[in-house]
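In case you want the letters, here they are:
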2 protein chains.
Amino acid sequence: MPWSASQYLKFEDERTRPVRDLLAAVPTREVKRAIDLGCGPGNSTEVLVARYPDARVSAIDSSDDMIRAARERLPEVFFERADVEDWRDPGPFDLILANAVLHWIPDHAGLLPRLGGALSDGGTLAVQMPDNLAEPSHVLMRQVAADGPWAGKLADANAERTQVAPASWYYQLVRPLCQRVDIWRTTYHHPLAGSEAIVEWFRGSGLRPFLAPLEPAEQAEFVGRYRSALAVAYPALPVGTVLLPFPRLFIVATR
Amino acid sequence: MPWSASQYLKFEDERTRPVRDLLAAVPTREVKRAIDLGCGPGNSTEVLVARYPDARVSAIDSSDDMIRAARERLPEVFFERADVEDWRDPGPFDLILANAVLHWIPDHAGLLPRLGGALSDGGTLAVQMPDNLAEPSHVLMRQVAADGPWAGKLADANAERTQVAPASWYYQLVRPLCQRVDIWRTTYHHPLAGSEAIVEWFRGSGLRPFLAPLEPAEQAEFVGRYRSALAVAYPALPVGTVLLPFPRLFIVATR
């Protein structure tokens, strides 16, 4: 199941908030050259360009649909279809942004120092990753996968995600390379219309590896079971919404 | 033990970061009248004035030492010694800021709707509270208090703090009054020089109710035991610092 820009952007405001918070914490003032790794439909790139209007900005993403949407959104930026895993530009970059992408890439122990190595002196690596594999939203996704007739087809679905390590692990990983390392973990609480909205949210991201291997009828059945489980785990509040707690880890490492 | 502005400001950068994050999320654009409740030494007020330079800003704090320091820092602001608990100004205020203070005030169920009632239409109540009573820093503080010869004197020390409720509780409390409620919980990870620095950090805040009832010799003994316990709970990293994870709850409620 390819990434879909329109599905992803159904929750654009909520999905753009973390990159705004991330870039607000970047101490680098002068950015001449910047790259947005895993730019998606360009919403993160747009925040980057707004914060550093004089920077030369490029961006990559592995999805054709995302790159198409991003080019339409920001014609002045150079967007290219490429995998972050294979990205080897030596830089130097004053800012490397990796917003909501590295949790899909393995081997953080090798990856982050490599990215840090492409920074200029005083340059910043700014990373944000969903850290929600232990949330009910994702525990239930795995349970529905394991308990259904599709269990065999979905045996590897979870392997697409990389487990986000504790903050102190990342701190120790990048601190030898970077003078200043600012790490925080934020749980946003998104008010959503109901459990159906939670399904729609994750259809644009975490559910993809679970739905992609299934036939349409199986997908409908999977989503039905998942939605029922969500309705119990995220009960509607008397004020008429559900709150989706969504933890994310942020790393701002400045060389 | 009275509040000390100089002790509090030993970690000024780290202590000011949350109020910057808090005010960055306030959607209200035009603020004519604002108040900073529990302004401390004026570091939060300074961020408020910088964000809304045209606002008429006043501020209160319960500590004479804090008010003195705040007046020196910002001569143009009206600072007054007063308790947040007793504050009854009907407003309307376009912004009510309560940064790192409401965790010292009881009865949030009554307090927050009262504060919300003093907002103008479109005005925002912006709250940030340390949510660290379950962190090792505070569990150990209570253990050292309960296990020492001072246990009797410190029986009520913990009662000065109000337990911060879950995000969804605050959401339901203020949502009926406020159209837009944005709640998040952030754990900052402060790199500090060692367990001695953690002691110094909390000497300016959380340790106060535990040290105030003790004689100087007892205080030294208490701090020594506390520091030893911290050194185990927050081990020095190979990179030569300790990380202090510090969770805080943020509420931005707009009428």
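Quick look at the structure, then. (Residues numbered from 1 in each chain as written. Chains lettered and ligands numbered in written order. Predicted model: local features only at pLDDT ≥ 70, side-chain atom pairs only at ≥ 80, totals over all residues. Heavy atoms only, no water.)

Focus: the layout of surface pockets
All names here are of chain B.
Stage number 1. Each pocket or cavity is described by its volume, and for the second largest pocket that value is around 610 Å³.
Stage number 2. Lining the second largest pocket are 38 residues, and of these Trp3, Ala100, Val101, Trp104 and Arg208 sit closest to its centre.
Stage number 3. The set of elements that each furnish at least two residues to the lining of the second largest pocket consists of α3 (43–51), β5 (119–130), α8 (195–203), α9 (208–211) and β7 (242–254).
Stage number 4. A class-by-class count of the residues in the lining of the second largest pocket yields 18 nonpolar, 12 polar and eight charged. (1 Å grid on protein atoms, 1.4 Å probe; cavity = no way out; pocket = protein on both sides within 12 Å on 5 of 7 lines; lining within 4 Å. Points joined across faces, edges and corners; volume = space filled by probe spheres on them. Helix = DSSP H or I, 4+ residues; strand = E, 2+ residues; numbered from the N terminus. Nonpolar A, V, L, I, M, F, W, Y, C, P; charged D, E, K, R; others polar.)

Some thoughts on the relation of the copies chain B and chain A
Stage number 1. Superposition of chain B onto chain A requires a rotation of 180 degrees combined with a translation of 0.0 Å along the rotation axis, giving an RMSD of 0.0 Å. These values place the two chain copies in the arrangement generated by a two-fold rotation axis. Distance from the rotation axis, computed per C-alpha, reaches its smallest value in chain B at Thr186(B): 2.1 Å.
Stage number 2. In this assembly the copies share their binding face: 100% of the residues contributing to the interface of chain B also contribute to that of chain A. (Least-squares fit on C-alpha atoms with pLDDT ≥ 70 in both. Contact = heavy atoms within 4.5 Å.)

A short note on the environment of Gln7(B)
Residue and element names in this part refer to chain B.
Stage number 1. Inspection of the secondary structure puts Gln7 in helix α1 (residues 5–8).
Stage number 2. For Gln7, a relative accessible area of 14% puts it in the buried group.
Stage number 3. As a C-alpha pair, Gln7 and Trp201 span 194 residues in sequence and 8.1 Å in three-dimensional space. (Buried < 20%, exposed > 50% of the residue type's maximum accessible area, 1.4 Å probe, protein only.)

Here we look at the environment of Arg175(B)
Stage number 1. Tracing the backbone shows Arg175(B) in the loop between α7 (167–174) and β6 (180–192).
Stage number 2. Each C-alpha atom of the pair Arg175(B) and Thr254(B) lies 9.1 Å from the other, and the pair is 79 residues apart in sequence.
Stage number 3. Excluding residues within four positions of it along the chain, Arg175(B) makes contact with Val239(A) and Val181(B).
Stage number 4. Engagement of the side chain of Arg175(B) in a polar contact is seen with the backbone oxygen of Cys178(B), the distance being 3.0 Å. (Polar contact = N/O pair within 3.5 Å; in protein donor to acceptor, adjacent residues only side chain to side chain.)

What to know about the interface of chain B and chain A
Stage number 1. Taken together, the 23 residues of chain B in the interface contact 23 residues of chain A.
Stage number 2. On inspection of chain B and its partner chain A, the count reaches two salt bridges.
Stage number 3. Asp182(B) is the partner of Arg17(A) in a salt bridge, and the nearest nitrogen-oxygen pair spans 2.8 Å.
Stage number 4. At the level of elements, α7 and β6 of chain B are the ones that each hand at least two residues to the side of chain B that touches chain A.
Stage number 5. Among the elements that line the side of chain B that touches chain A, the one with the most residues is β6(B), at 10 residues.
Stage number 6. For strand β6 (residues 180–192) of chain A and β6(B), the ladder comprises seven bridges, and the chain directions are antiparallel. For Arg185(A), the partnering residue across the bridge sits in β6(B) and is Thr187(B). (Salt bridge = Lys/Arg side-chain N within 4 Å of Asp/Glu carboxyl O. Pairing = 2+ DSSP bridges.)

Some words on the nonpolar core
Stage number 1. Counting residues in hydrophobic clusters, the biggest one holds 54 residues, and the most contacted among them are Leu95(A) and Leu95(B).
Stage number 2. Once residues within four sequence positions are removed from consideration, Leu95(A) is found in contact with Leu23(A), Val26(A), Val31(A), Arg33(A), Ala34(A), Ile35(A), Leu48(A), Tyr52(A), Thr124(A) and Ala126(A).
Stage number 3. Within the second largest apolar cluster, 35 residues are counted, among which are Ala98(B), Ile105(B), Tyr170(B) and Ile251(B). (Core = buried A, V, L, I, M, F, W, Y, C linked by side-chain atoms within 4.5 Å.)

Digging into empty space enclosed by the protein
Residue and element names in this part refer to chain A.
Stage number 1. For the structure shown, the criterion picks out four cavities of 30 Å³ or more.
Stage number 2. Estimated volume of the largest cavity: approximately 160 Å³.
Stage number 3. If you go around the largest cavity, you meet 16 residues; those closest to its centre are Arg15, Ala100, His103, Pro130 and Ser205.
Stage number 4. For the lining of the largest cavity, the elements supplying multiple residues, two or more each, are α8 (195–203) and β7 (242–254).

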